[in-house]
Amino acid sequence: MHVSIILPAKNEAEGLRRTLPALKAILPGAEVIVVDDGSDDATAEVASAHGAKVLSSPYPMGNGAAIKRGARAATGDTLVFMDADGQHDPAHIATLLARFEQGYDMVVGARRWSDQAGMHRGAANAFYNWLASRMTGFDVKDLTSGFRVVRADRFREFLHLLPNGFSYPTTSTMAFFRSAYAVAYEPVPVARRIGRSHIRPLRDGVRFLLIIFKIATLYSPLKLFVPVSMVFFLTALGYYAYTYFTEGRFTNMSVLLFSASVIIFLIGLISEQITSLTYRRDT
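The model shown is predicted, which means the values in this text are computed figures rather than measured ones. (Residues numbered from 1 in each chain as written. Predicted model: local features only at pLDDT ≥ 70, side-chain atom pairs only at ≥ 80, totals over all residues. Heavy atoms only, no water.)

A. Highlighting the side chain of Gln 87. Checked against the element boundaries, Gln 87 lands in the loop between β4 (78-81) and α4 (93-100). Since its relative accessible area comes to 19%, Gln 87 is described here as buried. (Helix = DSSP H or I, 4+ residues; strand = E, 2+ residues; numbered from the N terminus. Buried < 20%, exposed > 50% of the residue type's maximum accessible area, 1.4 Å probe, protein only.)

Set out below in structure tokens:
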């Protein structure tokens, strides 16, 4: 196989000084692409000095945007995505590739709980994994890991779905599941990153909440909308029973709750049809 390794990088000069020589030693024939996402340090210069193909952006566009640019420029039929901050050991690429050659379309390096960046991040990722597992019926061990191997042609099918921000792993994983492409998880240790993280807990809290809804809507919207619709319906039924036995009447609030349950259900149906069209492939 022809392998292209893509590293999105924003101010990761120090991490690249350690990662790129290791990549060259372990996979000397691989194409290495560093996507410089508007860095203001020596990221581009370090990458170029170590023989990597550098794609530079004049301003930061986001991690997902860097992934998309790298995937478009790659010439390999197999893509390896990894962080440039030193968290991912290039030595583990061989482990992922060995699993990949067993016939999978995507193999993801799964982090252990002890490798999570803090208790709050670990708890959030555990919840994402649980929700994705419930949605897909598959044991999702690490939904947000950025260390993965994919088939290039499969991955490029979903470039239009990927956001420019940080949730590209979530989006691509759920897209692969939705399209019945084989996905596997391989446990790998993760080191502490070099430098400062670009994730801000307060700012990204809302983004993580949106990821939860994206997980559901990317795979099967009805699995999200039907339970919510049922909650409104049962609340309306209970409130109606209460007002009927205490006041002997059917209140406007009951009408509003019943109407909301129907509207939410119908929105779910429409979303399901839109999702089906999104993943439709013309032959």
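B. Here's a closer look at the layout of surface pockets. Within this model, the second largest pocket holds a volume of roughly 150 Å³. Lining of the second largest pocket is provided by Trp 130, Leu 131, Arg 134, Met 135, Lys 223, Leu 224, Pro 227 and Val 228. The set of elements that each furnish at least two residues to the lining of the second largest pocket consists of α5 (119-136) and α9 (222-247). Class assignment for the residues of the lining of the second largest pocket results in six nonpolar, no polar and two charged. (1 Å grid on protein atoms, 1.4 Å probe; cavity = no way out; pocket = protein on both sides within 12 Å on 5 of 7 lines; lining within 4 Å. Points joined across faces, edges and corners; volume = space filled by probe spheres on them. Nonpolar A, V, L, I, M, F, W, Y, C, P; charged D, E, K, R; others polar.)

C. Local environment of the packing of α9 against helix α10 (residues 252-278). Contact geometry of α9 with α10 gives a least axis separation of 8 Å together with a crossing angle of 165 degrees. In terms of their interaxial angle, α9 and α10 are classed as roughly antiparallel. When the axes of α9 and α10 are compared, the crossing they make is left-handed. Residues that form the contact of α9 with α10 fall into these classes: 18 nonpolar, seven polar and one charged. (Axes fitted to C-alpha atoms, helices over the stretch in contact; angles between N-to-C directions. Parallel < 35°, antiparallel > 145°, perpendicular 65-115°, else oblique. Left-handed = near helix turned anticlockwise from the far one by under 90°.)

D. Quick peek at helix α1 (residues 13-26). Taking 1.5 Å per residue as the helical rise, α1 with its 14 residues ought to reach 20 Å, and the 20 Å between its terminal C-alpha atoms agrees with that figure. Those residues of α1 that fall on the buried side of the exposure criterion are Ala 13, Gly 15, Leu 16, Thr 19, Leu 20 and Leu 23. (Expected span 1.5 Å × (residues − 1).)

E. Structural context of α10. With 27 residues, α10 ought to run about 39 Å at 1.5 Å a step, and its terminal C-alpha atoms sit 38 Å apart, in line with that. Every buried residue of α10 is accounted for by Ser 254, Leu 257, Phe 258, Ala 260, Ser 261, Ile 264, Gly 268, Ser 271, Glu 272 and Thr 275.

F. Geometry of the nonpolar core. The biggest cluster of nonpolar side chains holds 40 residues, and the ones touching the most others in it are Leu 79, Phe 81, Phe 155, Met 174 and Ile 215. The greatest single-element share of this core, amounting to six residues, is contributed by helix α8 (residues 201-219). Core analysis: the second largest hydrophobic core is formed by 26 residues, Leu 23, Ala 52, Leu 96 and Val 188 among them. (Core = buried A, V, L, I, M, F, W, Y, C linked by side-chain atoms within 4.5 Å.)

G. Local environment of the packing of aromatic side chains. Taken as a whole and assessed by the stated rule, the structure comprises 14 aromatic pairs. Between Tyr 239 and Tyr 242, the aromatic rings sit 6.5 Å apart at their centres with planes inclined by 40 degrees, giving tilted as the arrangement. Taken together, the residues span about one helical turn, with Tyr 239 and Tyr 242 both in helix α9 at a distance of three residues. One aromatic cluster is present, formed by Phe 233, Tyr 240, Tyr 244, Phe 245, Phe 250 and Phe 258 through successive ring pairs. (Phe/Tyr/Trp six-rings, centres within 6.5 Å; stacked < 30°, edge-to-face > 60°.)

H. Structural view of the pairing of β4. Residues of β4 alternate between two faces, with Thr 78 and Val 80 on one and Leu 79 and Phe 81 on the opposite face, all of them buried. The pairing of β4 with strand β6 (residues 148-151) spans four bridges and is classified as antiparallel. Residue pairing in the sheet places Val 80 in a bridge with Val 149 of β6. (Pairing = 2+ DSSP bridges.)

I. Layout of the sheet that holds strand β7 (residues 183-187). In spatial order, the strands read β3-β2-β1-β4-β6-β5-β7; together these seven strands make up an open sheet with mixed pairing. Edge positions in the sheet fall to β3 (53-57) and β7, since each has one partner strand and no second. This sheet shows a mean twist of 20 degrees between the axes of neighbouring strands, independent of strand direction. Here α4 sits on the sheet and contacts β1 (3-9), β4, β5 (106-110), β6 and β7; the angle it forms with β5, its principal contact strand, is near 145 degrees. (Contact = heavy atoms within 4.5 Å.)

J. Summary view of the pairing of β5. The buried count for β5 comes to five of five residues, which makes it a mostly enclosed element. Neither face of β5 is left uncovered, since the one carrying Met 106, Val 108 and Ala 110 and the one carrying Val 107 and Gly 109 both have all their residues buried. One ladder, built from three bridges, connects β5 with β6; its direction is antiparallel. By the bridge assignment, Val 107 is partnered in β6 with Val 149. Bridging between β5 and β7 involves five bridges; their strand directions are parallel. Looking at β7, one finds that Ala 110 is bridged to Pro 187.

K. Main features of the pattern of salt bridges. All told, the structure shown has eight salt bridges when counted by the stated rule. Here Asp 153 ties to Arg 154 by a salt bridge, and the two come within 3.7 Å at their closest N and O atoms. Classification of Arg 154 by relative accessible area gives partly exposed; the value is 24%. Across the pair Glu 247 and Arg 249 runs a salt bridge whose closest N-O atoms are separated by 2.7 Å. (Salt bridge = Lys/Arg side-chain N within 4 Å of Asp/Glu carboxyl O.)

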